[in-house]
Amino acid sequence: MNAAEVIVGSLEKHEVEYVFGVPGGAIEPLNNALHKSPIKVIVAKHEAGAAFMADGYARVSGNIGVCCSTAGPGATNMITGVASSFGDSIPVIALTGQVSTSMFGKGAVQEFSVQSFGIVSIFRQVTKYSDIIINETKAGEMIARARRVALSGRKGPVHLNLPADIMKRQVAGDQHERCSVTQVMGFDRESVKEAAKLLLSVKRPVIVAGWGTVLARADVELRELAELLDIPVATSPKAKGILSESHPLSLGVLGFAGSPVSKEYIIKRDVDVMLAIGTSFNEWGTNGWDKSLQPTKSLIHIDIDCNEIGKNYFADVGIAGDARIVLRELIYELHRKNKRKKVRDGRSKEVQEIKEKLTIKSRKLNNMPYHPQRLIMDLTTAMPVDTVYFADNGNSMAWAIRYLNITVPYSFYVGLGFASMGYAAAAAVGGKLAAGKRPVVALVGDGSFLMNGMEVATAVNYKIPVIWVIMNNSMLGMVYHGRKLAGIPEGIESTFKPVDFVKLAEGYGARGIRITKPGEINREMMSEIILAGVPTVLDVIIDPEAVPPIHSRITTLEKLYT
Ligand SMILES: Cc1ncc(C[n+]2csc(CCOP(=O)(O)OP(=O)(O)O)c2C)c(N)n1
Ligand SMILES: [Mg+2]
């Protein structure tokens, strides 16, 4: 067995189903090992796409994603994708090729720098662990370590650089023992008790559930706690739908493109105690760190990463730990303290009243050109409730955050931590491989599709039936509207000539359908597309002048860049 086979054997032992990548000379030893393995390889059209796919697969499956590339440009192409996983704490193993150690420093093709493994330091900036395997006997140990680091504590991507000669060297014995993942199981009992006491004694509490709640798969515990104490729940944009948005206690999304209901309950009216779970209170989730989010009495902040606790808002009670484990303990503590089975303080009634007050009697938006809000409404009624959505960066994401009604947890994904355009266009391909029968929709702006949309051809190659819904407005709309709202002129232009995405889709071998009118996307049409089971691109011509719900971001930009 050679070192490359040790690595692949270790991935197999840990139930890795797919490796996403692009081949090249330096990674050929891995190619040979994968050739003999039951692991399926999905060859992407660009390494960033491969990394986004590994990320999408990891988000939907809850397991680790794996991507690979050759040396030099293959590895640098992958960086944006890996950085995106870093931004959202997604466990991904990135494997990059490397010229043979005997050639280091001689200027081989794709050798990265004089020291050859400069790529390791570049990846260090966007991973939890980045290293080069320079001794074949270390291959088993290092891949096990990489996996453990990716999946333990606050999850995230890791990187290993693989010189070709080392990968080909024989290794004695069975090197790839299963490695355990070390989870943060503990919690501070005293802090949990304090939190329970506070939550039982307050008048206007709120729960803010962040991405950590999703990563910890804590939807059941979150709902149980909210119902037990009758506490309204808002989510960060990334955690959208972790509590059904149709639940009587759901306030919807707080922050960027968030719901007016959460704004009214949390910002306009005072909240005395806030229970924040797995949220870093970053720019997106707080409308640029709105000061009025600080509760009048206490902030209880749960996070797996101590660095996040109290980082942006003062935390009166900080609890370090995994969201699901801490919530389970908190529920236990509340039951112990509170002999009454349920607290009914009429808070869900208040939420209901706010919802009724703020719901603008749903405009039908029947007019042409097709309004993006109406598009999201049409999609919501046309698609099954368990559809998995990946929303790309740009106005498309803002429309989706504001108007999609997510009722099934783990159905909405945005690459918001790094906010790279093109994320959803590719990640949805990996996501679909993990989603089984659930339909997967990538909501993508035309500009973002033009960055990574060629991965439609990858989906065609492997018969992965993703549905891309392109919001075609012939512009980088978020920039265009952002400038318009802030009164900024056009220097680096944001508009461009219309692109025919039907033709593009057909060129890739996919089905392409042009949509121009409200109501054209309906149940009948979408059922037929789902049944047909082939990669499909809907080229939706939308109203470019419809003003997106991005005002809070514009105000923040002024703060950030002045
Ligand atoms: C890789 C990358 N480049 C640039 C940006 C800055 N940016 C954010 S949104 C956006 C426009 C997106 O345009 P499009 O995908 O067409 O969506 P729209 O806003 O028109 O719905 C730009 C340029 C980014 N987030 N990522
Ligand atoms: Mg656009």
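Residues numbered from 1 in each chain as written. Chains lettered and ligands numbered in written order. Predicted model: local features only at pLDDT ≥ 70, side-chain atom pairs only at ≥ 80, totals over all residues. Heavy atoms only, no water.

**As for the site of ligand 1**
Alright, step 1. Every one of the 18 residues lining ligand 1 counts as a neighbour, but Asn395, Asp446, Gly447, Ser448 and Gly477 are closest to it.
Alright, step 2. Here an oxygen atom of ligand 1 and a backbone polar atom of Ser396 are 3.3 Å apart.
Alright, step 3. Within the backbone of Met475, a nitrogen or oxygen atom sits 2.9 Å from an oxygen atom of ligand 1.
Alright, step 4. Protein chains shield 76% of the accessible area of ligand 1, which is 590 Å² for the free molecule.
Alright, step 5. For the shell around ligand 1, the elements supplying multiple residues, two or more each, are helix H16 (395-403), helix H18 (446-452) and helix H20 (477-486). (Near = heavy atom within 4 Å. Polar contact = N/O pair within 3.5 Å; in protein donor to acceptor, adjacent residues only side chain to side chain. Areas by Shrake-Rupley, 256 points an atom, 1.4 Å probe, with all protein chains shown as cover. Helix = DSSP H or I, 4+ residues; strand = E, 2+ residues; numbered from the N terminus.)

**Looking at the sheet that holds strand S13 (residues 388-391)**
Alright, step 1. Sheet architecture is open: six strands sit in the order S14-S13-S15-S16-S18-S17, paired in parallel fashion. Strands at the two margins of the open sheet, each flanked by one partner only, are strand S14 (412-414) and strand S17 (511-515). Strand-to-strand twist of the sheet, defined as the mean angle between neighbouring strand axes without regard to direction, takes the value 20°.
Alright, step 2. Summarising the sheet, strand S16 (residues 467-472) and strand S18 (residues 536-541) pair through six bridges and their orientation is parallel. Each bridged residue has a counterpart across the sheet, and for Asn472 the counterpart in S18 is Ile541.
Alright, step 3. Packing of H16 onto the sheet brings it into contact with S13, S14, strand S15 (440-445) and S16, and relative to S15 it is tilted by some 130°. (Pairing = 2+ DSSP bridges. Axes fitted to C-alpha atoms, helices over the stretch in contact; angles between N-to-C directions. Contact = heavy atoms within 4.5 Å.)

**Concerning H20**
Counting along an α-helix, one turn takes 3.6 residues, and residues three or four places apart therefore face a common direction.
Alright, step 1. Turning to H20, its buried residues are Gly477, Tyr480, His481, Gly482 and Arg483.
Alright, step 2. Once H20 ends, the next one or two residues include Gly487, with phi positive near 70°. (Buried < 20%, exposed > 50% of the residue type's maximum accessible area, 1.4 Å probe, protein only.)

**Notes on the environment of Gly255**
Alright, step 1. Mapped onto the elements of the fold, Gly255 is located in the loop between strand S9 (250-253) and helix H11 (260-268).
Alright, step 2. When the C-alpha atoms of Gly255 and Lys559 are compared, they prove to be 16 Å apart, with 304 residues separating the residues in sequence.
Alright, step 3. Apart from the residues within four sequence positions on either side, Gly255 is in contact with Trp284, Gly285, Thr286 and Asn287.

**A word on H11**
Alright, step 1. Among the residues of H11, Val261, Ser262, Glu264, Tyr265, Ile266 and Ile267 are the ones counted as buried.
Alright, step 2. Looking at the buried positions of H11, the neighbouring elements they touch are strand S7 (206-209), strand S8 (233-235), S9, strand S10 (273-277) and helix H14 (347-358).

**As for the nonpolar core**
Alright, step 1. Counting 90 residues, the largest nonpolar core has Leu330, Phe390 and Trp468 as its most contacted members.
Alright, step 2. The contacts of Phe390, once residues within four sequence positions are left out, are Gly56, Val60, Tyr413, Tyr423, Ala424, Ala427, Ala428, Gly431, Val440, Val441, Ala442 and Leu443.
Alright, step 3. One finds Leu443, Leu538, Val540 and Ile542 within the second-largest nonpolar core, a separate group that totals 39 residues. (Core = buried A, V, L, I, M, F, W, Y, C linked by side-chain atoms within 4.5 Å.)

**Let's talk about the coordination of the magnesium ion (ligand 2)**
Alright, step 1. Protein coordination at the magnesium ion (ligand 2) comes from Asp446 (OD), Asn473 (OD1) and Met475 (O), with a distance range of 2.1 Å.
Alright, step 2. Mapped onto the sequence, the donors of the magnesium ion (ligand 2) take the spacing D-x26-N-x1-M. With Asp446 in helix H18 and Asn473 in the loop between S16 and H20, this residue pair connects regions lying 27 residues apart in the sequence.
Alright, step 3. Take Asn473: its relative accessible area is 11%, and that puts it in the buried class. (Donors = N, O, S within 2.8 Å, 3.2 Å for Na, K, Ca; no water.)

**Comments concerning the pairing of S13**
Alright, step 1. Alternating residues of S13 divide into Val388 and Phe390 and Tyr389 and Ala391, and every residue in both groups is buried.
Alright, step 2. Relative to S15, S13 is paired through four bridges, and the arrangement is parallel. Looking at the pairing, Tyr389 lines up with Val441 of S15.
Alright, step 3. The pairing of S13 with S14 spans three bridges and is classified as parallel. Across the sheet, Ala391 pairs through a bridge with Val414, a residue of S14.

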